[in-house]
Amino acid sequence: MSTTTPAHASHEPFADTAAHTGASDTLLAEAARHGADAEVWTAWHETDELVCRDGAVERRSEVLSGATALTVWADGNEGYAVRNAPGATDTALVTTALAIGRVLAAGDTAPAPHADRAPRTEPPAPLPRIGADATARLRALTESADDGDVEIELRARADRSRVRLHRAGTDPAEYDTGVAQLFARITARGSGTGYIGHQIFGRTMDGVLDAAERTELGELVGLARILTTRPATALDHDDVLVDGRVLCRLLTLVAPAFLLDSVLEGRSPLKDGIGERVASPGVTLVDDPTADDAPLPAPWDGEGTPTGPTVLVEDGVLRGFLSSRRTAAEAGAPATGSAQRGANGEMTTVQPGHLVLSHTEDLGTETRPGRTVLHIVQANGAHTSNPITGDFSIGANAVLVSPDGTRRNAGNITLAGNVFDLLRSIDGHDGRVRVNRSNNSFVAGPGVWTRSLTVGHQEGA
């Protein structure tokens, strides 16, 4: 279910949830009548979006959506049914789920969850909204390019969700969460056209706009202007700095290698690597949806398993994998709380919640005495990529930074290598953490200094 309401509609968050109190009781009672154990997952979503350009609001909307997902356990089978409406009470969901369970009976049913669930957790800050003050700030920020050579487009989005999980025989558990997002698209025009995009995430819209106003937009405008200039004819350089924007996209490519289901299915190149070095000394990779800086905090996952920090790589050594109840039971290990549902209540899949790469060695940003740095500032798309092997070849934009800090456009380049090799050849970081989002999964990391990549000018660039 998805509806659009007037942009200035005033209502309490999730005002219609009270109308659905007891809806899950109806489904649980119907499941019990069929002799089945059951669990009902319900989500209400509210999303504000606003697009500003040249000091004007081009588009704004508020969308309400949600879903009800029913899981049943009967006769050793697990069945599942979804309705794209929160608070659904149609008892046909039960018979559908039971029928699907019989069809899918494969002998590897996940164990029914324990009754322990996290209680309702209040958000650490007010849930994000795009109000009048935020709208005025967005308009003002897009007016800042008053000399006519730069166009700033800002796309703001505020997501709010209420998630409820009700297991037969227990009280419902519930939490609220939300994330503020700003996508900046900067276009500069000079002897050529320079473009760069950047995303900022946070718990509040004010926090996101503060970051944009304080540092990000000014730096992005300067970078876009450099990209308008004639590219250097040669890419001669001493060192390579891969910006966090690019690193996060590359990490997202190989994130499946750190999932236990990939290991059990033989699709992960890390399947026999526990205790082995898989990254440079000083590199740590942790997934923690409960961290203070997690953009979309969640106290438990789509199956009700409590979330928390899961160390995947510690000081370069592989320590673990992300799992759901099913994959953890198959491997004889505890679940990590990494089973995520889609916005429409789809069956859970194992995904990171807030995956962060860090390194102990801060080598600074861009400028190095006596050395020319090739700074890869933006990835423009994958020419080829393989999430199993980690091999990739992507188009990118880069700048050449001289020892005195002078920056020149390196033009459109091709960047090729292997992400796993990249992890093993990180010398340090630049202290500028960036974030990439894929649905409700967030991957974060700083720019990294590395020696493992092949670069070249794109043909015709």
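Reference entry: report on the structure contained in this document. On a predicted model such as this, the values are computed, not experimentally measured, just so you know. (Residues numbered from 1 in each chain as written. Predicted model: local features only at pLDDT ≥ 70, side-chain atom pairs only at ≥ 80, totals over all residues. Heavy atoms only, no water.)

In this section: the sheet that holds strand β20 (residues 441-445). Ordered by their spatial adjacency, six strands build an open sheet running β11-β10-β9-β14-β20-β19, and the pairing between neighbours is mixed. The open sheet has two edge strands with one neighbour each: β11 (317-318) and β19 (434-438). Strand direction decides the pairing type here: β19 and β20, joined by five bridges, are antiparallel. Residue pairing for β20: V435 is matched across the bridge by A444. (Pairing = 2+ DSSP bridges. Helix = DSSP H or I, 4+ residues; strand = E, 2+ residues; numbered from the N terminus.)

As for its placement among the helices and strands, R277 is situated in the loop between α6 (260-264) and β9 (283-287). One polar contact links the side chain of R277 to the main-chain carbonyl oxygen of A279, over a distance of 3.3 Å. A polar atom in the side chain of R277 sits 3.0 Å from the backbone oxygen of D315. (Polar contact = N/O pair within 3.5 Å; in protein donor to acceptor, adjacent residues only side chain to side chain.)

Time to look at helix α3 (residues 132-142). Residues of α3 that are buried: A134, T135, L138, L141 and T142. Buried residues in α3, looked at end-on, bunch into an arc of 130°, giving them a common side. Turned more than 90 degrees off the buried face of α3, the exposed positions are A132 and D133. In this fold, the buried residues of α3 make contact with β2 (37-53), β3 (56-74), β5 (150-167), β6 (173-189) and α4 (205-226). (Buried < 20%, exposed > 50% of the residue type's maximum accessible area, 1.4 Å probe, protein only. Arc of directions from axis to C-beta. Contact = heavy atoms within 4.5 Å.)

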